[in-house]
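# Observations on chain architecture
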Amino acid sequence: MAENKTNLQIDSARLWRDIHETAKFGATPKGGVRRLTLGPEDKEVRDWFRVACEAAGCSVHVDALGTMFAIRPGRDMSRQPVALGSHLDTQPTGGKYDGVLGTLAALEVVRTLNDSGIETDAPLCVINWTNEEGSRFAPATMASAAYVGEYTADNILARRDANGVSVAEALQTIGYNGEEPVGQRRFSAFVELHIEQGPILEAEHKTIGVVEAGQGIMWYDGAITGMAGHAGTTPMPLRRDALVALSEVVLAVERLALAHSPNAVGTVGENVIANPSRNVIPGDLTFTMEFRSASAATLDALDAELREAIAEISKRRKVTIDLDRIFRKEPPRFDPKLVDAVETASNALGYPSRRMISGATHDACNLSDVIPTTMIFVPCKDGISHNEAEDATQSDCTAGANVLLHTVLSLAGVAKG
Ligand code: HGY
Ligand code: MN
Ligand code: MN
């Protein structure tokens, strides 16, 4: 906690205005935001963000995957910057706060330091990570995963969306195919503010989540091949119905996650029947699914149990079920010193807090592989997220941004002001 700076607070009204101003880029009739990565709405919010960062005295740089780095100079430019930020892309039926709060609060930290005439010793870097959500292009958190070396930039640039558009083409279309090599820019630490996206903080009347670790995650692509047939003439016992087989897979995923509960969650989120028709028995379909757990051993067990269940369903239903695990992220642990810094800042600011793990994955979960990293959570209404009804209060968002401000100050040091 920077000495005698406790009364330094962000401009709550300005942060709240920004959150609601940027929500118009991709606003949906139900009050949510649909801002798929590298689409036209993402370009709009990126352009807005670049202008705002430059107006706040930052130089903005873009890497080959479109991630945006806004540098606020410090007294000692030989020191690696302290990084803070999140993401501005959303789910198809996303909300106003997921990712946005952390990115705009980081900008607000810079503006507050400017207003207060404070120069930090180390420079700061505000980051907007490309494609955290993974909805249009898989995997989730792809840009920060490439930054830490889990993928090459070329591997990511070649990924295609459901319409066959590649990441490279989409970046070019919106003009964010940056020159900077991915992973070149180094930081001394990374701090990400985010809504909890779960019910715990609200239920316990806590304002700040001091995040110690996250869940590991496994994503799968699946395909089921049965036999399309006439819905009227094919006797039930002779059918090889791909959708009925998938229904059993869905129930198996739920059963396996419950068997490991509360240390596991499992979801089948997408299913596409090839050439669907009311009076044709589904013959071919694809699906996507995921498992998460804070324990690597539980992830191992879930993978093995899933494959066993699928082999049994495939045999009994006389269908082929192909399952491809397209990525696995080990459960991340955040840096204890940074976790303590968040708790110290929360306590000094008088916010009730509790230590917890993150159910959702975040760019910070990748950064923690390579540099000291931590997260700060604030409550969201009823724990709802990845839903247009996602909501948070101005006071909680402000509290989170104040904790971010003081955590970053404790890491970067105050040179003047
Ligand atoms: O899926 C996740 O956990 C992240 O919110 N995209
Ligand atoms: Mn997010
Ligand atoms: Mn999300």
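What comes next is a walk through the structure. (Residues numbered from 1 in each chain as written. Chains lettered and ligands numbered in written order. Predicted model: local features only at pLDDT ≥ 70, side-chain atom pairs only at ≥ 80, totals over all residues. Heavy atoms only, no water.)

### Description of the pattern of salt bridges
Tallying each qualifying case throughout the model produces 27 salt bridges. Arg50 serves as the salt-bridge partner of Glu54, at 3.9 Å between the closest nitrogen and oxygen. Here Arg50 and Glu54 lie together in helix α2 (residues 40–55), a separation of four residues that amounts to about one turn. Arg354 is paired through a salt bridge with Glu204; the nearest N and O atoms lie 2.8 Å apart. Here Arg354, found in strand β14 (residues 353–358), pairs with Glu204, found in the loop between α7 (200–203) and β7 (208–214); they are 150 residues apart in sequence, far enough to count as distant. Looking at Glu204, the relative accessible area reads 34%, which means it is partly exposed. Because the salt bridges share partners, they merge into one network encompassing Glu212, Asp340, Glu343 and Arg355. (Salt bridge = Lys/Arg side-chain N within 4 Å of Asp/Glu carboxyl O. Helix = DSSP H or I, 4+ residues; strand = E, 2+ residues; numbered from the N terminus. Buried < 20%, exposed > 50% of the residue type's maximum accessible area, 1.4 Å probe, protein only.)

### What about the sheet that holds strand β8 (residues 216–225)?
Pairing within the open sheet is antiparallel, and its four strands lie in the order β10-β12-β8-β13. Among the strands making up the open sheet, the edge pair consists of β10 (265–273) and β13 (320–329). Each strand of the sheet is rotated relative to its neighbour by a mean of 15°, with strand direction disregarded. Bridging between β8 and β13 involves nine bridges; their strand directions are antiparallel. Within the sheet, the bridge partner assigned to Thr225 lies in β13 and is Thr320. Of the strands in this sheet, β8, β10, β12 (284–293) and β13 touch helix α8 (residues 242–259), which is tilted by about 5° from β12. (Pairing = 2+ DSSP bridges. Axes fitted to C-alpha atoms, helices over the stretch in contact; angles between N-to-C directions. Contact = heavy atoms within 4.5 Å.)

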